[in-house]
Each structure stands twice: as C-alpha cells, then as structure tokens.
Amino acid sequence: MSIWTVRCVCQKFCRQAHILANRRVLPSTKRIPAVINGISRPAHNSLYQMGFVDSKSYSTAKDVLKSSQCDKVCPQPLDPCKPAPKDPCEEFHKLRRESEITGGAQGGGCDGDSEDEQQKRLKLKCLLGALAALLAGGFVAWMMTRKKECEVDGDSPDDARKRAQLSGMITSPPSSEQLPKHVPYLIIGGGTAAFSAFRAIKSNDARAKVLMISNEYRKPYMRPPLSKELWYTPNANEDPIKDYRFKQWTGSERSLYFEPDEFFIEPEKLADSGNGGIAVAQGFSVKKVDAQNRIVTLNDGYQISYEECLIATGCAPKNLNMLRDAPPSVREKIMVYRTPEDFDRLRRYAMQKRSITIVGNGFIGSELACSLAHYSKENEGGKVYQVFQEKGNMSKVLPHYLSDWTTRRMEKQGVCVIPDASIKSALRDESQVKLELSNGMTLLSDIVVVCVGCTPNTNIAGTSQLEVDRTLGGFVVNAELEARRNLYVAGDASCFYDPLLGRRRVEHHDHSVVSGRLAGENMTGAKKPYEHQSMFWSDLGPEIGYEGIGLVDASLPTVGVFALSKDDAKRSDSHTDSKPADKSSEAPKQTTVVEGELQCNPSDEPNYGKGVVFYLKNDKIVGILLWNLFNRIGLARTIINQNKNYEDLNEVAKLFEIHA
C-alpha cells in the first residue's frame, strides 16, 4: 500500500462520515408513505429501521450504519384493533435501545431535545472517528516511509542503480538509442571469453574502443567459484551488489568479477574516449548479425555497425523436460545453476536449513553437492541429496574404480548419494516438492537444483546465416576461429577443429580464456590458428582436486598410476581400466582386484591420494588426468602434443613425480 493510497482512503472515510452526519432525509414526492396512527412508515427500509419516526426528523449516522444489520421488512400495515405482529427486527431494536445512551430517549422517541442531543453525540463520534482514521493513516504512512528510508539508507545513486539492474528492472544504458552507432570492435556476450578477447585487443591496440553487449545485468565475471570457493568463504554480508569476494585454495582473496566498475567506460561516453576502453551494454540482446554488411541488430531493432565482431554467447543450462513442463507450483521449487543470482537463491535455502536435491553427477552437480554438504555441516543445515542415473560421480570423466571411490568419499563428506536413479514424477506436497524415483524411493525436498549440462547459445544462427554443428552444437569456425570474414566465435559456443583430436566443442574456463584471447589477437590482425590443448580443473571439497587436459573420456581405455599408502603399495600402484561394459577383458592388474579387496574390509580401502591417469586412443595418449597433482599441466600438454606410443606408461608417470 502506497502513501497516496492511504491518503485517499482517509479522505474518502472523512467525506462519508461528514455526509452521514449531516444528511437530511426528505419525504418522498413520488411515493407517499402509509400513515398509521399518525406515524409515517419509511419507504426505504434499507436506510431506515429505527422503528417509527417523524417524516420530518433526521436520520442519524448511527442509524444508517446500523441499517445494514437488518434486511427484513414488515410490509403489512398495523391494525389498531388487532395485536401488532412480531417485528422481525425486534431483537435488533432491543439491542439498539440497550446500546443507546440513557436520558429517557428511545429509538423512535418524539422528544426533540433528546433527538438533538443524540445527533450532537453522533456527530462528535463521527468527527472523533475521522480524526482517529487520519491519525492511523498518518502513522501507517510514516512507518512505510521510514521503512523505505531504512532500506535505502546509505545507498548512493550508483548503488540504487545497481540494485535495479540486478533485479532486472533497468538496462545500462536505459535505452539502446544511447549506444554508439558504430564501434571498431564489437563483442556479443559478457562472459570469460568476451573479456579475455578485450584484453587481447587492448594489448595489440592501445586506443581500441570495444563495446560489449551482454544480456546479463552484471559486469563480466568468472563462473567456477560459484560451485566451489564461494561456499567455503565465510561472508556475513549478504548484500547482492557486493563483489562476491572469496578465498582461493592458496589463501589469497579476490573478487568474482574480473575488474571493478571503475574499470569500465559508460557506453554513452565510449565514442568520445580518447584512450579507448571497454563499455558494457547490460541487459541487451542481439537478434541478428549481418556479416556481409557488418551490422548487428538488437532485439528492439537498433543497429550497430562494426569493423571486427566476436560472438561469445556461451551456453545455457539444461533442464529436464518433465520438470520444465511441470505445473507452476512444482516449477517454483526447481532451479538451474549458473549465475550469481542462482548462488544467492540457493544460499538462502541453505541458510534456512532446507533440504536440497542435486540432479546430475557432472562437474557442477558433484562440486555443488560437496560444497553444500560442507556448508550444511558448518552451519548445521539441512540434508543434501544427489540423484543421477549413472553408477558413480563423474562417471563420464573418471575411470569407474576412481568414480566409485569418489562417490564413497562424497558420502563421507555428508552427501546422500542416490545412484542408478532417475526422477519419474514431481508433485508439490505443501511447502516441499515430492520426487518419485525410478528405484522406488521418494524424496521430499525444499528445492531441486538441476545440473545436467548446458547447450550452446546459437539462437542467432538462423537469422545470421551461420553454420551450427549438428552433432556437437556450437558455431562452426575455421582454425582461426572465424565463422565468416571479420566475424569470430570463441568460448563454449565455438565448435573448432583440433589437429590432433578432430572437431571439438569444449565447455571449460581455460578454453574460454585461451580461445577468447586468440580471437582478440586475430581481430587485430594476428591470423593465428587455434592449436591449444585446453585444460580443466575440479574440486570436490578441500581434499579432492584434479586437473585434466586433452580428451578425458571414461569410455576410453585408461591406465592409472597412483602413489598409494604403504599398505596399499604392497598390492599395486598401477591400474588399467577399459570401458566399463567390457567385463570380459583380462588386462593385468584390473581394478576389480582392488574392488574385491575393498568389499571384504572397509579398512582395506586404498587411498587414491595422488596419481595420474592416461587416456588412450589407438595406443596413443590423448588425455591425461592429474589426481591431486598440481602445476604439472604443462608437462601433460607436452606429452599429448608428442602424439606417439609409449611402451611403459609407468616410466611416463615418473615424470610427474607422484611420489614427491
């Protein structure tokens, strides 16, 4: 309720009270009331029910306000020779007379002095009621104004603008008409690849003017900490406009954003900037790129011409069809996870000690499950479930023996892992959502977080006449990351050709950084091919961390070499693994030997503390996974680029110093 509404209600109440207090009831000129024993019967029973009154008397405000309590009439005239029929409103009249102020006056008395006194008292009551209403309205208005002042107390205009932007209320700048008509460098997207491209452009063109068009209401930021470090960093300040500072595993502190707001130029001032810079148009979307004429069209029809353009639109999180098509009451309990807004929402649930269900066993799902379990343990929060169809965590990346071991470690961290299960139905049960699983279990959860991968944002491909790979998705680009002349694509949305591994599409932070950098260099004339083997990393709590490079696919044959404890080293520190479905193979030192020992006695469980896993294709190393080994990714990249056969992989493993 706004202050204006309260004011209008008070004015209306006072007006009605004044009218009722001074209203004169005139005798009807069209209908003459029946006269019985010298007393006239009112014509409108809905307004008069005080008994028999003089037609010249006044109807008081109290009479009118009480009239709604009696809606029955007595249509038959009274016969003086017969006893009067029982008045259906007799009980009301009795209560009315008992409530009257004493002084000899009855409800329909003829004493003029008594009637005047009653009307004076009623007028006084009406005035007092109006005064009380005004005071109450003023108090409510003051409280609301004070609340607003408290909410914005200490906020500068810039802070208020940030809050509005984060809530999706305004864009920056407010209108696309304030954007420049022409820019030398135009970047579509506001993520890691986009910002990396800007840095490369600025390094090669010191006075470059770069316009970044982002459909988000934030400056460029990094996504990996959203499922990792941010959950392990105590932060009492829940203000969403802060820069989401967190501590890295090394102990150093930094922000989720690449640069502070002061680093960027306002889009309206970009054209007049002598030293160039980068401006971010927040909250705008592109619907078409005319590569031939070098013109970009926004959703509202505004057009911007460019000299060099980069598409770095990233990808969008997937959802399950059954949950996406569920009733609204269920959908409000379903969310995907990708942005700081998603982090804020999920953290509120965790702070309220709610039960949370993660769907998916990939990077985001497994990392988030571990992070939430740690957060819940530290704050005595609710239960954390993880549901997926596969047999273990990270089963598409890790060999199955390492996936099983990781799943057991996650359970020890507090995650209730439910493998080999899918969601059959989702129903709303009061304040929770009820999940029926394919294994017969039923889960009640306050929120369900779907982490089942993402799809590249290629919505503009059709209108822009750009090719999209039918198998991998993403914009098809050449070796220099060009989709068309002077039009480049980088990051998750690019489908590029790898000279060693064939055509690929990679969704990792390192690929976004390196491909964005190369695209930025080529936009300034470098014309370099993309030959980088990008890496990835993941953290499953503070105890498990791994890095990978190349084609890390669990469906490939693998050889793992680990630095086990002394007791485990007596058995074996080398495991050869092939496709999980191929159980008939008899490769030496299979992981089933270790698994058999683990099933006998839990104390015999090996501790895969450090190790290296080689992924093979045609007897060549195409991928390497470093398990709790860090700062060795350069060596792994060199081994993959050599593209040759190795007779003894134990000798190759020694290069990584896993026993150091």
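None of these values were measured; they are calculated from a predicted model.

Attention shifts here to the pairing of strand 3 (residues 182–188). Of all seven residues that make up strand 3, five are buried, and the element is covered over most of its length. Pairing of strand 3 with strand 10 (residues 303–311) involves six bridges; the strand directions are parallel. Its bridge partner being in strand 10, Ile 187 is matched across the sheet by Leu 310. Of the pairings in the sheet, the one linking strand 3 to strand 4 (residues 209–214) comprises four bridges and is parallel in character. Within strand 4, the position partnered with Tyr 185 by the bridge is Val 210.

Sheet architecture is open: five strands sit in the order 12-19-13-14-15, paired in parallel fashion. Strands at the two margins of the open sheet, each flanked by one partner only, are strand 12 (334–336) and strand 15 (416–418). Averaged over neighbouring strand pairs, the angle between their axes works out to 25 degrees when direction is ignored. Sheet topology places strand 13 (residues 356–359) next to strand 19 (residues 447–450); four bridges connect them, and they run parallel. The partner of Ile 358 across the bridge, within strand 19, is Val 449. Relative to the sheet, helix 9 (residues 340–351) contacts strand 12, strand 13 and strand 19, its axis offset from that of strand 12 by approximately 135 degrees.

What follows deals with unusual backbone geometry. The residue after Ser 172, namely Pro 173, is reached through a cis peptide bond having omega 5 degrees. Tracing the backbone through its elements, the reader meets Pro 173 in the loop between helix 5 (157–166) and strand 3. In this structure, Glu 380 takes a positive phi of about 55 degrees despite not being glycine. Residue placement: Glu 380 occurs in the loop between helix 10 (363–379) and strand 14 (384–387). Judged by its relative accessible area of 66%, Glu 380 falls in the exposed class. A positive phi angle is found at Glu 657, which is not glycine, with a value near 50 degrees. Relative to the helices and strands, Glu 657 resides in the segment after helix 17 (649–654). Residue Glu 657 is classed as partly exposed on the basis of its relative accessible area of 49%.

This part covers the side chain of Arg 347. Here Arg 347 lies in helix 9. Here the side chain of Arg 347 touches Tyr 375 through a polar contact of 3.5 Å, side chain to side chain.

Considering all chains together, one arrives at one disulfide under this definition. The side chain of Cys 315 participates in a disulfide bridge whose partner is Cys 454; the two sulfur atoms lie 2.4 Å from each other. One quick way to see it: the torsion about the S-S bond of Cys 315 and Cys 454 is about -65 degrees, and its sign makes the bridge left-handed. With Cys 315 in strand 11 (residues 315–317) and Cys 454 in strand 20 (residues 454–456), this residue pair connects regions lying 139 residues apart in the sequence.

Our focus in this paragraph is the environment of Ala 483. In this structure, Ala 483 sits in strand 22 (residues 482–484). For the pair formed by Ala 483 and Val 468, sequence separation is 15 residues and the distance between their alpha carbons is 9.9 Å. Apart from the residues lying within four places of it in its own chain, the contact partners of Ala 483 are Leu 466, Val 476, Val 477, Tyr 488 and Val 489.

Here we come to helix 9. The end-to-end C-alpha separation of helix 9 is 16 Å, in line with the 16 Å expected for 12 residues at 1.5 Å each. Of the positions making up helix 9, those classed as buried are Pro 340, Asp 342, Phe 343, Asp 344, Leu 346, Arg 347, Tyr 349 and Ala 350. Buried-residue contacts for helix 9 involve strand 12, strand 13, helix 10 and strand 19. Once helix 9 ends, the next one or two residues include Lys 353, with phi positive near 60 degrees.

All right, on to the environment of Val 289 then. Locating Val 289 in the fold gives a position in strand 8 (residues 286–290). Its relative accessible area of 1% is what places Val 289 among the buried residues. When the C-alpha positions of Val 289 and Gly 462 are compared, they lie 9.9 Å apart, and in sequence the two are 173 residues distant. Those residues in contact with Val 289, other than ones at most four positions away along the chain, are Ile 188, Ile 295, Val 296, Tyr 306, Ile 460, Ser 464 and Leu 487.

To continue, consider the pattern of salt bridges. Following the criterion strictly, the structure yields 14 salt bridges and no others. As a salt-bridge pair, Lys 228 and Glu 367 come within 3.2 Å of each other at their nearest N and O atoms. With Lys 228 in the loop between strand 4 and strand 5 (245–247) and Glu 367 in helix 10, this pair connects stretches of sequence that are 139 residues apart. Each member of the pair, Lys 228 as well as Glu 367, is classed as buried. A salt bridge links Arg 505 to Glu 507, with the nearest nitrogen and oxygen atoms 2.6 Å apart.

Calculation notes
Residues numbered from 1 in each chain as written. Predicted model: local features only at pLDDT ≥ 70, side-chain atom pairs only at ≥ 80, totals over all residues. Heavy atoms only, no water. Buried < 20%, exposed > 50% of the residue type's maximum accessible area, 1.4 Å probe, protein only. Helix = DSSP H or I, 4+ residues; strand = E, 2+ residues; numbered from the N terminus. Pairing = 2+ DSSP bridges. Axes fitted to C-alpha atoms, helices over the stretch in contact; angles between N-to-C directions. Contact = heavy atoms within 4.5 Å. Polar contact = N/O pair within 3.5 Å; in protein donor to acceptor, adjacent residues only side chain to side chain. Disulfide = S-S within 2.5 Å. Expected span 1.5 Å × (residues − 1). Salt bridge = Lys/Arg side-chain N within 4 Å of Asp/Glu carboxyl O.

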